[in-house]
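# A closer look at the structure
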Amino acid sequence: MRAESVETVRRILCVFPRYTSSFGTFEYAYPLTDGVQAFMPPQGLLLIAAYLPEGWPVRFIDENIRPATQEDFEWAEAVFVSGMHIQRQQMNDICRRAHAFDLAVAIGGPSVSSCPDYYPSFDYLHVGELGDATNDLIARLARDPSRPEQQVVLKTLDRLDMTSFPLPAYELAELKSYFLGSIQYSSGCPYQCEFCDIPGLYGRNPRLKSPQQITAELDKLLECGIRGSVYFVDDNFIGNRKAALDLLPHLAEWQKKTGFVLRFSCEATLNIAKRPEILAGMREAFFATIFCGIETPDPVALKAMHKDHNMMVPIMEAIKTLNNFGMEVVSGIILGLDTDKPETGAALLEFIDASQIPLLTINLLQALPNTPLWDRLKRENRLLEDEGRESNVDFRLPYEDVVKTWRACMGSAYQPAKLLERYEYQIRETYSNWIKRPRTPQQKSWANIKLGLIMLRNIFWKVGVLGDYKIEFWKFALRRIARGEIEFLISSILVAHHLINFARDASGGHTNASYYSLKLQEASVPAE
């Protein structure tokens, strides 16, 4: 559904800010692709764009692809911005540029909903999800699009039911320019991990779209040009296990109908390993990657952070179970926990070797507002406000030792030979368990073959000829070629190349050790 129609028509410019370089933006992979320039299309802004009253012209710009221009601002009557903490500096910069044209600027999304005080310059703060605050904002702009005399804070009290969400306006985005597609099925998570702000922001009782909405969104994503993979951005795909079971047959049927042209990925708690019926359904729907917040292999630390559900199945056993269902595990890891010891870094590297997980987002602990961790550290006087630090936490271990451990782990875990050896394991033990997909006209199409040839050419030239880990690359690549594993060669190297290069930046001190850090850095390619 849309917002109620109004007589007045307003031109709305939706601008998504650039990301500061981080583990999860994959920018080092883009030169190996056929024109990819950004990570994932933003769900929030595209949802708002679709919700605006019918007849309101909307222009969407992702500054990871191109900056908003003078002509864009001159066209607009108001500007909408959304993003996460890591984009804070860039969001404030968009506001500054829009104000140069005397435009009212509204900001929504997870960062402002958690920390409204980060954004003193914006005219409208939209705190919370789509709902009555959204309708209030639209009504105010319909009456008068000029800047209010003082900042207006609009808080959602009555959220729109997710079954009433419109299809996101994917047609406004250049979907072929994204590394992954994105889709949202649910909002919220039943668990209360100490460091996580999701329950505080979105609630513990997951809200859901219908399976029919999801398949309609997938149809639209395909129609608008998405290819490769689609990521379910839900905070926890199995937050409502019954609903996930109900959805999966619809996804499997959609995959059969469309020829398995997409791979699915999602985020879920590690206790999904206890639910073989869900994993079997995910395999049938061709879920190939699952992000699990393992956080630490230390059971004492897991108990301290209230993540006991990670211990329902031994961690190594859970990883093996997921691999057996054809799902590669991506893991979140946190350093700087109160339970960390001087030998924690070495134990983490042992865990990486034993688990054979290729991609681990190793991050320094950061206390976020609206979390039990924030409240506890505030009581203990251990919250710091030093924007020169990598974290706002006063660690139990010496700060420099914690940062040094992070850099050492990044440098060691992503050495080319070690990383490609882990991918070798995944090809042998995980990808071999993928559902057998029929050869379809889509897979055999010239467009698909051409795309593969372009990426192979780029990989061979930029990594195999110009790269500085050529020996390790060719050992890996020649085995794939000899076995006819071209799909595995392309998908593995796209990710591995980014990880290797980003880890070098990290171990050399050129990136933040926490993706939520107050230590603000320039966007990787600043908007002009």
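The structure under discussion appears in the preceding block.
Residues numbered from 1 in each chain as written. Predicted model: local features only at pLDDT ≥ 70, side-chain atom pairs only at ≥ 80, totals over all residues. Heavy atoms only, no water.

## Comments concerning the sheet that holds strand β5 (residues 124–127)
- Strand order across the open sheet formed by six strands is β2-β1-β3-β4-β5-β6, with parallel pairing between neighbours. The open sheet terminates on both sides in strands that have one partner only, identified here as β2 (58–62) and β6 (152–155). On average, each strand axis in the sheet is tilted by 20° relative to the strand beside it, whichever way the strands run.
- Sheet topology note: the strand β4 (residues 104–108)/β5 ladder contains two bridges and is parallel. (Pairing = 2+ DSSP bridges. Helix = DSSP H or I, 4+ residues; strand = E, 2+ residues; numbered from the N terminus. Axes fitted to C-alpha atoms, helices over the stretch in contact; angles between N-to-C directions.)

## Some thoughts on the pairing of strand β13 (residues 328–335)
- Counting buried positions over the eight residues of β13 gives eight, a clear majority of the element.
- Burial of the side chains of β13 extends over both faces: E328, V330, G332 and I334 are buried on one face and V329, S331, I333 and L335 on the other.
- In this structure, strand β12 (residues 287–295) lies alongside β13, joined through five bridges in parallel fashion. For E295, the partnering residue across the bridge sits in β13 and is I333.
- Pairing of β13 with strand β14 (residues 360–364), which is carried by five bridges, proceeds in the parallel orientation. Across the sheet, residue S331 finds its bridge partner in β14, namely L360. (Buried < 20%, exposed > 50% of the residue type's maximum accessible area, 1.4 Å probe, protein only.)

## Some points on the sheet that holds strand β10 (residues 228–232)
- As summarised here, the arrangement of the six strands in space is β7-β10-β11-β12-β13-β14, forming an open sheet in which the pairing is parallel. At either margin of the open sheet sits one strand with a lone partner, and together these are β7 (181–183) and β14. Direction aside, neighbouring strands of the sheet carry axes that sit 20° apart on average.

## What to know about a nonpolar patch on the surface
- Taken together, the side chains of W446, I449 and L453 make up a nonpolar region of the molecular surface, amounting to roughly 340 Å² of accessible area.
- Along the chain, W446 turns up in helix α16 (residues 446–465). (Patch = residues over 30% accessible without salt bridge, like charges linked within 9 Å, V, L, I, M, F, W, Y side chains within 5 Å. Areas by Shrake-Rupley, 256 points an atom, 1.4 Å probe, with all protein chains shown as cover. Salt bridge = Lys/Arg side-chain N within 4 Å of Asp/Glu carboxyl O.)

## Re the pattern of salt bridges
- Overall, the coordinates contain 37 salt bridges when judged by the stated rule.
- Where K303 meets D308, a salt bridge forms, and the shortest distance between an N and an O atom there is 3.7 Å.
- Relative accessible area serves as the criterion here: at 55%, K303 is assigned to the exposed category.
- We classify D308 as partly exposed; its relative accessible area is 33%.

## A look at unusual backbone geometry
- Positioned with a positive phi, D102 is a non-glycine residue whose angle comes to about 60°.
- As for its placement among the helices and strands, D102 is situated in the loop between α3 (88–99) and β4.
- The phi dihedral of H306 is positive, around 65°, even though this residue is not glycine.

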